[in-house]
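Remarks on the overall topology
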Amino acid sequence: MRWTSRARIQELKRRHPLRDEPIPMHHVLKVTSLNDARTKMWLDRLMPELLIFHETGPIEPDVLNRIDCPILTIRPSMAAGQLEAYWAFRAKPDVCEVRIEQWSDRGWSVLDRAVLYLGGTDNFATYPYLQLSTGLPLLKRQIEMMLEEDVYDRRIE
């Protein structure tokens, strides 16, 4: 599939240039699980102003509820999105989308969404490029709105 999608991937790369340099290591904290004691200790110590989770395993609600800052995620995950894209290629659904969601006491709620593609013209080889080029601008817009409004209370009332 990747070989037959090579032209489409090049088209997406030209249309949506993405920086692919690695994140500097001093900005990265590697953990084995978001639910373990070491991670909870680091979250308490660092007191983040914003957390963005992407491509994580299940996170216990009590871990999310103890964090006193906005928590955002991009859905679907890359794996789930590629699975959706595979079936999109086979079944030609009407719409595939990416969403920015925020955690609240009631669970995840959608803040923003955008269509990735209509019909079944893309597949699991092109999906990562579509998701990043569509989801990252949505995420950037949400962060800018939070900074603009100076909103740091993540609990949606």
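As shown above, the structure is provided for reference.
In what follows, the accompanying structure is described. (Residues numbered from 1 in each chain as written. Predicted model: local features only at pLDDT ≥ 70, side-chain atom pairs only at ≥ 80, totals over all residues. Heavy atoms only, no water.)

Further remarks concern the nonpolar core. Core analysis: the largest hydrophobic core is formed by 17 residues, its most contacted members being Ile 74, Val 98, Ile 100, Leu 116, Tyr 117, Leu 130 and Leu 139. Counting only elements with at least two residues in this core, the list comes to helix H1 (6–15), strand S2 (71–75), strand S3 (95–104), strand S4 (107–118) and helix H5 (127–149). In terms of residues, this core owes the most to one element, H5, which gives 6 residues. Setting aside residues no more than four positions away along its own chain, Val 98 makes contact with Ile 74, Arg 75, Pro 76, Asp 112, Arg 113, Ala 114, Leu 116, Gln 131, Thr 134, Gly 135 and Leu 138. Leu 34, Leu 43, Cys 69 and Ile 71 belong to the second largest nonpolar core, which has 11 residues in total. (Core = buried A, V, L, I, M, F, W, Y, C linked by side-chain atoms within 4.5 Å. Buried < 20%, exposed > 50% of the residue type's maximum accessible area, 1.4 Å probe, protein only. Helix = DSSP H or I, 4+ residues; strand = E, 2+ residues; numbered from the N terminus. Contact = heavy atoms within 4.5 Å.)

When the charged atoms of two side chains lie near each other, side chains of opposite charge can form a pair. Tallying each qualifying case throughout the model produces 9 salt bridges. Across the salt bridge formed by Asp 44 and Arg 66, the nearest N and O atoms sit 2.3 Å from each other. With Asp 44 in helix H2 (residues 37–46) and Arg 66 in the loop between helix H3 (61–65) and S2, this pair connects stretches of sequence that are 22 residues apart. Among the residues examined, Asp 44 registers a relative accessible area of 43% and is labelled partly exposed. Its relative accessible area of 42% is what places Arg 66 among the partly exposed residues. Close ionic contact of Arg 113 with Glu 97 constitutes a salt bridge, the shortest N to O distance being 3.2 Å. Of this pair, Arg 113 sits in strand S4 while Glu 97 sits in strand S3; the two residues are 16 residues apart in sequence, bridging distant segments of the chain. (Salt bridge = Lys/Arg side-chain N within 4 Å of Asp/Glu carboxyl O.)

Turning next to the packing of aromatic side chains. As enumerated under the stated definition, the model contains 1 aromatic pair in all. Taken together, a centroid distance of 5.4 Å and an interplanar angle of 70 degrees make the contact between Trp 103 and Trp 108 edge-to-face. On the accessibility criterion, Trp 103 (7% relative accessible area) is buried. For the cation-ring pair, Arg 45 lies above Trp 42, with the distance from its terminal atom to the ring centre recorded as 5.3 Å. Lying over the aromatic face of Trp 108, Arg 75 brings its terminal NZ or CZ to 4.8 Å of the ring centre. (Phe/Tyr/Trp six-rings, centres within 6.5 Å; stacked < 30°, edge-to-face > 60°. Lys NZ or Arg CZ within 6 Å of the ring centre and 35° of its normal.)

Turning our attention to the layout of surface pockets. In this approach a probe as big as a water molecule rolls over the atoms, and the regions it shows empty are the leftover space. Within this model, the largest pocket holds a volume of roughly 1,400 Å³. Lining of the largest pocket is provided by 35 residues; of these, Ile 23, His 27, Val 28, Ile 52 and His 54 occupy positions nearest its centre. Listed by contribution, the elements that provide at least two residues to the lining of the largest pocket are H1, H2, strand S1 (51–53) and H5. Class assignment for the residues of the lining of the largest pocket results in 21 nonpolar, 9 polar and 5 charged. Approximately 190 Å³ is the volume attributed to the second largest pocket. If you trace the second largest pocket, you find 15 residues lining it, with Thr 56, Gly 57, Ile 59, Thr 73 and Arg 75 closest to the centre. Among the secondary structure elements, those contributing two or more residues to the lining of the second largest pocket are H3 and S2. (1 Å grid on protein atoms, 1.4 Å probe; cavity = no way out; pocket = protein on both sides within 12 Å on 5 of 7 lines; lining within 4 Å. Points joined across faces, edges and corners; volume = space filled by probe spheres on them. Nonpolar A, V, L, I, M, F, W, Y, C, P; charged D, E, K, R; others polar.)

Read these as layout, nothing more, since geometry by itself doesn't imply function.
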